[in-house]
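The primary structure of each chain is shown beneath.
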Amino acid sequence: MGYAHGYATAIMHRGRVPMEPVDFVPDWADGPRKTKHYPGTDRLPLPAGPAYPAQATVERGLLSPGAGGGPAFDLGLLGGLLRDSYGLVGRRLGVQANTDLNALPFYPLANWSRGTASGGGLYPVSVYWISGPSAPVPPGVHYYSARHHALRRLLTGDVTGVVREALGEGAPGPETDQFLVLGVKYWQNSFKYNSFSFHAVSMDVGALLGTWRMWAGARGTALEPALWFDEERLARLLGVAGEEEGIFAVVPLPWTGEEAGTRPAYGADARTGDGTGAPAGQDAPRGSAAAPPAPPPPPNVSVPHRDLERSRRVITFDTLTAMHRATAAGATARPAPGALAGAAAPAPAPGRAEAALPERAPLARDVRGALRARRSSFGRFAAERPLDGAHLTACLAAAAGGSRLGGDAAAAGADGLVKLYALVNHVAGVAPGTYEYVPEGGPGALRCVSAEPPGAFLQENYFLANYNLEQAAAVLVPTVRTHSVLDAVGDRGYRLVNALIGGVAQATYTAAAALDVGCGVALGFDNIAYRERFELLETDEMPLLIMMLGHERRGPSDFRFEIA
């Protein structure tokens, strides 16, 4: 039994048995930056992206995503994808119940909004673009600087051969020379959440992948991420220490060959070269998608630049380090097709009363608009305004759609791993109670687990003060048979499980925004109490987060300033 089994068990019990280090207190004054900082590197401003088509709706992105045939990416579409998903798009202030409210009015601690949610609002995922000669910029390795909506050039030269070798045989996605790579610098989250941070950041990766698949799928383009690859080789290429930053996903981009013309310019240093690729005074050669592959790069090629840490003291946590090692150890052992069949969510329990859900409300808002509107409700739910049953149906369907990650995970059978439960407080046409969601058959159905109103249970088993769960109209809870997944594919399966859950959370947030419904997602609850409530003690299903839905109080005192 691998290390991840013990970690998963500790996560489930942390509401009753605190995880070590129990006495840890974050040093807020010495916290890290929310993004990485590469001083002395050239910066390429990215375009905001073309106008987002009105027909590219959340409905299409989540419930009928593109299976190919849509537009291939170019620099404009890449810029749009990055800005809508992870770029800073506005500043928000509001009177709400979160514990950081007293700090938000101060500019250094400003709450900047973005399209993709994150555990604790910390946004530790690093986005790298590794480009080949078919792009309109010199090939190389680039870091996405979210606060500038720009690329930082870390290395010049075509190293896409390294990525293809790292992906290995059977990798998902198209033949391409353009890749997005997702890393997680652990300290950006562990300074606050210590040993728990691996659980949170692996969900953050899934939330971002879910946004990208929704964004591209709404336009008819499929993105197929890889979760299994030679992680050590890619860490070496990116110049990061494996135990400080894990490499979690690679996304091959379908790319259109660019015609020769005016090339976007980096900063002034682009004229002199940086000693890592093209000679001084020369640009790297331009190519196209059909150009022959470049010669393989030197085996030890690596980004020469290093992230400059803000914290004077960086603390390591034994549990976090052990989880990184355990989940990186089997990184190249891509699961065989169907390997996860035995870990699929169990069939609905027989003998329970079942009620059909109303027809779901259409998710007609375009994806960009919904991502701009997405935010957490933080205690502003108002029980006197019941949620429409059609809105509950739509959010349940969206949550189920968000559990489809694609890529090598889907090939192994991951699309059938997530099951959903709903605790209903105040939904028009649905009696209060605890339900198992049955997605089959049109709008689906709710199968009753308990007819007892769940409001008191929800509030008693929530550990924070930023939500009153009894005021929420409904609470959705995704479960996965985590231990069965780990048995099937090894410890790296923990990353897969949490990526699926992150995708579910992001899909629910986005659907709620499309419906103008409040939403909040939280991890601070008694997982074991929920297992008891759902009658799961005889199974290995694990409730992994809670997602609250409902209308908010009217006339909120809010400030919102858009910067994109």
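A look at helix α7 (residues 231–238)
The periodicity of an α-helix, 3.6 residues per turn, causes residues three or four places apart in sequence to face the same way. Taking burial as the measure, the eight residues of α7 include six buried ones, the bulk of the element. Along α7, the residues that are buried comprise Glu231, Arg233, Leu234, Ala235, Leu237 and Leu238. Immediately beyond the C-terminal end of α7, within one or two residues, lies glycine 239, with a positive phi of roughly 70°.

Structural notes on the sheet that holds strand β3 (residues 112–113)
The strand order across the open sheet formed by three strands is β3-β2-β17, and the pairing between neighbours is antiparallel. The outermost strands of the open sheet, each flanked by one partner alone, are β3 and β17 (558–562). Where strand β2 (residues 90–94) and β17 come together, five bridges link them in antiparallel fashion. Counted as the bridge partner of glycine 90 is glutamate 562 from β17.

Focus: the pairing of strand β14 (residues 518–522)
β14 sits mainly inside the fold: four of its five residues count as buried. Pairing of β14 with strand β16 (residues 546–550), which is carried by five bridges, proceeds in the antiparallel orientation. Among the inter-strand pairings, glycine 520 is bridged to a residue of β16, identified as methionine 548.

With respect to the pattern of salt bridges
Pairing is possible between side chains of opposite charge, provided their charged atoms come close. This structure, assessed with the given rule, holds 23 salt bridges. One salt bridge in this structure joins glutamate 535 and arginine 352, with 2.9 Å as the shortest N-O distance. Of the two residues, glutamate 535 is situated in the loop between α15 (527–533) and β15 (542–543) and arginine 352 in the loop between α8 (318–329) and β9 (354–356); the sequence distance between them amounts to 183 residues. Measuring nitrogen to oxygen at the nearest pair gives 2.7 Å for the salt bridge that ties arginine 375 to glutamate 552. You can see arginine 375 sitting in the loop between α9 (367–373) and α10 (389–402) and its partner glutamate 552 sitting in the loop between β16 and β17, a full 177 residues away along the chain. Since its relative accessible area comes to 13%, glutamate 552 is described here as buried. By sharing partners, the salt bridges in this structure join Arg352, Lys419, Glu436 and Glu535 into a single network.

Some details on the nonpolar core
Where a protein is soluble and globular, its nonpolar side chains tend to be buried together. Grouped together as the largest cluster of nonpolar side chains are 121 residues, with contacts concentrated most on Trp212 and Leu496. Aside from chain neighbours lying at most four places away, what touches leucine 496 is Leu227, Trp228, Leu340, Leu405, Ala409, Ala414, Leu417 and Val485. Tyr38, Phe179, Ile247 and Val303 belong to the second largest nonpolar core, which has 25 residues in total.

A look at a nonpolar patch on the surface
Taken together, the side chains of Phe559, Phe561 and Ile563 make up a nonpolar region of the molecular surface, amounting to roughly 290 Å² of accessible area. Tracing the backbone through its elements, the reader meets phenylalanine 559 in strand β17. By relative accessible area, which is 40% here, phenylalanine 559 ends up partly exposed.

Some remarks on the sheet that holds strand β7 (residues 178–185)
Across the sheet, six strands lie side by side as β1-β6-β5-β4-β7-β8; this open sheet has antiparallel pairing. If you trace the sheet from one side to the other, it starts and ends with β1 (43–45) and β8 (245–252), each paired once. Averaged over all neighbouring strand pairs, the angle between strand axes comes to 30°, with direction disregarded. Sitting on the sheet, helix α3 (residues 75–86) touches β4 (125–131), β5 (140–145) and β7, and the angle it makes with β4 is about 175°.

Each value, and the rule that gives it
Residues numbered from 1 in each chain as written. Predicted model: local features only at pLDDT ≥ 70, side-chain atom pairs only at ≥ 80, totals over all residues. Heavy atoms only, no water. Buried < 20%, exposed > 50% of the residue type's maximum accessible area, 1.4 Å probe, protein only. Helix = DSSP H or I, 4+ residues; strand = E, 2+ residues; numbered from the N terminus. Pairing = 2+ DSSP bridges. Salt bridge = Lys/Arg side-chain N within 4 Å of Asp/Glu carboxyl O. Core = buried A, V, L, I, M, F, W, Y, C linked by side-chain atoms within 4.5 Å. Contact = heavy atoms within 4.5 Å. Patch = residues over 30% accessible without salt bridge, like charges linked within 9 Å, V, L, I, M, F, W, Y side chains within 5 Å. Areas by Shrake-Rupley, 256 points an atom, 1.4 Å probe, with all protein chains shown as cover. Axes fitted to C-alpha atoms, helices over the stretch in contact; angles between N-to-C directions.

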